[in-house]
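# Residue-level structural notes
One-letter residues, chain by chain:
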Amino acid sequence: MNNFSYIKVSNTAEAILQIDGDIRNKIVAGGTNINDLLKYFITKADKLVDINPITENNSIIRLDNGGVRLGSLCTNADTAYDPIIEERYPLLSKAILAGASAQIRNMATNGGNLMQRTRCYYFYDINTPCNKRDPGSGCSAIKGYNRIHAILGQSESCIAVFPSDMCVALRALDAVVNINGPEGERVLAFAEFHQLPGDSPHIDNSLKHGEIITSIDLPKEGFNKNYSYLKLRDRSSYAFALVSVAAAFEIEDNTIKEARIALGGVAHKPWRVSEAEDFLKAKAPNKENFENAANIILEGAKGYEHNSFKIELAKRAIVRNCFMALHPESQRPGSKPSL
Ligand SMILES: Cc1cc2nc3c(=O)[nH]c(=O)nc-3n(C[C@H](O)[C@H](O)[C@H](O)COP(=O)(O)OP(=O)(O)OC[C@H]3O[C@@H](n4cnc5c(N)ncnc54)[C@H](O)[C@@H]3O)c2cc1C
Ligand code: SF4
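As the structure is a prediction and not an experimental result, all values here were calculated from the model. Per-chain numbering applies: the sequence of each chain, read as written, is numbered from 1 onward. Chains carry letters and ligands carry numbers; both start at the beginning, A for chains and 1 for ligands, and go up in the order they are written. Since the coordinates come from a predicted model, pLDDT governs what is reported: local features require at least 70, and pairs of side-chain atoms require 80 or more to be given and counted, while whole-chain, interface and lining totals use all residues. For the side-chain quantities, the full set of heavy atoms in the structure was used; hydrogens and water were omitted.

## Examining the pattern of salt bridges
Any carboxyl oxygen of Asp or Glu within 4 Å of a side-chain nitrogen of Lys or Arg constitutes a salt bridge here. Evaluation of the coordinates by the stated rule reveals 18 salt bridges. Here Asp-165 and Lys-231 are joined by a salt bridge, their closest N and O atoms 2.8 Å apart. Highlighted residues: Asp-165 in the loop between α7 (110-115) and α8 (166-172) and Lys-231 in strand β9 (residues 226-232), separated in sequence by 66 residues. Each residue's exposure class comes from its accessible area (1.4 Å probe, protein chains only) as a fraction of the maximum for that residue type: buried when under 20%, exposed when over 50%, partly exposed otherwise. Residue Asp-165 is classed as buried on the basis of its relative accessible area of 6%. Of the charged contacts in the structure, one is a salt bridge between Glu-291 and Lys-287, with a shortest N-O distance of 3.3 Å. Taken together, the residues Glu-291 and Lys-287, both in helix α11 (residues 287-297) and four residues apart, mark about one turn of the helix. Beyond isolated ion pairs, a larger network of salt bridges with shared partners links Arg-171, Asp-174, Glu-258, Arg-260, Arg-272 and Glu-277. Under the DSSP-based scheme used, a helix requires at least four consecutive residues in state H or I and a strand at least two consecutive residues in state E, with every element numbered from the N terminus.

## Thoughts on the environment of Asn-106
The residue Asn-106 is located in helix α6 (residues 102-107) in this model. Asn-106 sits in the partly exposed class, given a relative accessible area of 32%. Separated by 27 residues in sequence, Asn-106 and Thr-79 place their C-alpha atoms 9.9 Å apart.

## Let's talk about the site of ligand 1
Near ligand 1 there are 32 residues, and of these Ile-27, Gly-31, Thr-32, Thr-109 and Asp-165 occur at the shortest range. A distance of 2.6 Å separates an oxygen atom of ligand 1 from a polar atom in the side chain of Thr-109. Distance and chemistry together define a polar contact, namely a pair of N or O atoms within 3.5 Å, with one atom able to donate a hydrogen and the other to accept it when in protein, and with adjacent residues in sequence counting only for side-chain atoms on both sides. With respect to ligand 1, the side chain of Gln-116 contributes an N or O atom lying 3.5 Å from a nitrogen atom. For ligand 1, the protein covers 92% of the area, taking 970 Å² as the surface of the free molecule. Of all the secondary-structure elements, those providing two or more residues to the shell around ligand 1 are β2 (25-28), α7 and β8 (212-218). In terms of residue count, α7 provides more of the shell around ligand 1 than any other element does, four residues in total. Definition of nearness: a residue and a molecule or strand are near each other if at least one heavy atom of the residue lies within 4 Å of the molecule or strand. Calculation of accessible area relied on Shrake-Rupley with a 1.4 Å probe; when residues are assessed, cover is drawn exclusively from the protein chains displayed.

## Quick word on the nonpolar core
If you look at the biggest cluster of nonpolar residues, it comprises 38 residues, and the most contacted ones within it are Leu-70, Leu-91, Leu-92, Leu-114, Leu-170 and Leu-218. It is α8 that provides the largest number of residues to this core, a total of six residues. Any two residues whose heavy atoms approach within 4.5 Å at even a single point are treated as in contact. The contacts of Leu-91, once residues within four sequence positions are left out, are Ala-169, Ala-172, Leu-173, Tyr-227, Ser-228, Tyr-229, Ala-246, Ala-247 and Ala-248. Leu-230, Ala-259, Leu-298 and Cys-322 belong to the second largest nonpolar core, which has 30 residues in total. Think of a nonpolar core as a cluster: buried Ala, Val, Leu, Ile, Met, Phe, Trp, Tyr and Cys residues, connected wherever their side-chain atoms sit within 4.5 Å.

## Concerning the environment of Phe-249
One can find Phe-249 in strand β10 (residues 243-252). In this structure the C-alpha to C-alpha distance between Phe-249 and Ala-259, which are ten residues apart in sequence, comes to 4.6 Å. Sequence-distant contacts of Phe-249, that is, excluding residues within four places in its chain, are made with Phe-223, Asn-226, Ile-256, Glu-258, Ala-259, Leu-280, Phe-290, Cys-322, Ala-325 and Leu-326.

## Concerning the packing of α11 against helix α12 (residues 309-325)
In this analysis, axes come from line fits to C-alpha atoms, helices being fitted only over the stretch in contact, and the angle between any two N-to-C directions falls in the range 0 to 180 degrees. At their nearest, the axes of α11 and α12 sit 9 Å apart, and the two run at 140° to each other. Our classification of the angle between α11 and α12 gives oblique. Note that α11 runs across α12; the crossing there is right-handed. Residues Lys-287, Phe-290, Glu-291, Ala-294, Asn-295 and Ile-297 of α11 form the contact with α12, whose own contacting residues are Lys-315, Ile-318, Val-319, Cys-322 and Phe-323. Should an angle fall under 35 degrees it is taken as roughly parallel, and over 145 as roughly antiparallel, whereas 65 to 115 is taken as roughly perpendicular and any remaining angle as oblique. Take the far helix as the reference: if the near one is turned anticlockwise from it by less than a right angle, the crossing is left-handed, and if turned clockwise, right-handed.

## Remarks on the site of ligand 2
Around ligand 2, the surrounding shell holds 14 residues, and the nearest of these are Cys-120, Cys-130, Cys-139, Cys-158 and Ile-159. Across the shell around ligand 2, the residue classes tally to nine nonpolar, four polar and one charged. Any residue outside Ala, Val, Leu, Ile, Met, Phe, Trp, Tyr, Cys, Pro, Asp, Glu, Lys and Arg is labelled polar, Gly included; the first ten of those are nonpolar and the last four are charged.

## Brief notes about unusual backbone geometry
Negative phi values dominate among residues other than glycine, just as trans dominates among peptide bonds. Positive phi, normally seen in glycine, also occurs at Asp-20, with a value near 55°. Along the chain, the position of Asp-20 falls in the loop between α1 (12-19) and β2. A positive phi is found at Ala-100, a non-glycine position, where the angle reads about 55°. Checked against the element boundaries, Ala-100 lands in the loop between α5 (90-97) and α6.

## Examining the sheet that holds strand β1 (residues 5-8)
Pairing between two strands requires that DSSP report at least two bridges joining them. Pairing in this open sheet of three strands is parallel, and the strands run β1-β3-β2 from one edge to the other. Edge positions in the sheet fall to β1 and β2, since each of these pairs with one other strand and no more. Here the average twist between neighbouring strands, direction ignored, is 25°. In the sheet, β1 pairs with strand β3 (residues 47-50) via four bridges, with the strands oriented parallel.

Take it as geometry only, folks, not as evidence of what the structure does.
Encoded structure:
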């Protein structure tokens, strides 16, 4: 049993002060991931800083530049069912609703979603070597059971995937992350937020310890005419993606003006390949072009004993989802269930 102190803070400045740049002090938001990490001794805390009372990071607001700001403390449910998000960013709404369960989405926050840790089985089993949990100890997954693991961007130190659905849509939409910390505020492009494992897989992202995510900005363009989020998994609900695809297009006169394709479940970060999107520009939205784009995205993919199937699965999922994005009428998020 690890003893820790617990404190609630009511504004960002107080949170930064309480965390004090000390790795032993941890933020708790919805608690849906950090509580498990603490319970299973994967992470330790001397102090838990509960940021839930911070009202300044708890709303969804329209920005002067036409975009929308998502508070880091808004829940995933409130974000997905917000009328502005449903109307202007339905890709995001659909991706969030593909994740977890209604109960978890009611607790999980947007900031926590970006910061959630991998679902690699060995990471959660403290009796096995894992470079992410215990740097330098080895990777049990490379020669172990690796069905859910990465096929792109992996390293010899770690083949884990980042499990979020929401972040796949945020990557496709070119969101930016607003951060505050001891050295002041900074803004990070979503593409720069999550990192590949390289030789330091214990580092998931570019947030420095002591910093806090305050909000996430969506640009003006929400691709609400042609979009689709497809999540393929072993169970039809309450399971993480084997492969997921966020696809969005701007189409005029049967010609693709702008294409966005991001993948989840395949790499240590949401995966996007600009060459594939450039290839689709000024082309017709047809099977041959989608297949070529899929091949570009999966170029260099490498499978392991139990997950090589993901390479072909990802290609097919891309093509299928690009077609689904052409028929947005079937993509509207459902109405909020009463709980
Ligand atoms: C059974 C189960 C199934 C799930 N299925 C899915 C799924 O299918 N798809 C999916 O995308 N997700 C899924 N999730 C994950 C879930 O979405 C995340 O656990 C959740 O989004 C984390 O948010 P939270 O607010 O609960 O974070 P917490 O658990 O409170 O915190 C998680 C981490 O984020 C840090 N943190 C939190 N807020 C901030 C902030 N503002 N700034 C800096 N650091 C912060 C914490 O210190 C901690 O390290 C599932 C979770 C469970 C338990
Ligand atoms: S894949 Fe990464 S998280 Fe999983 S055991 Fe290897 S080092 Fe650990």
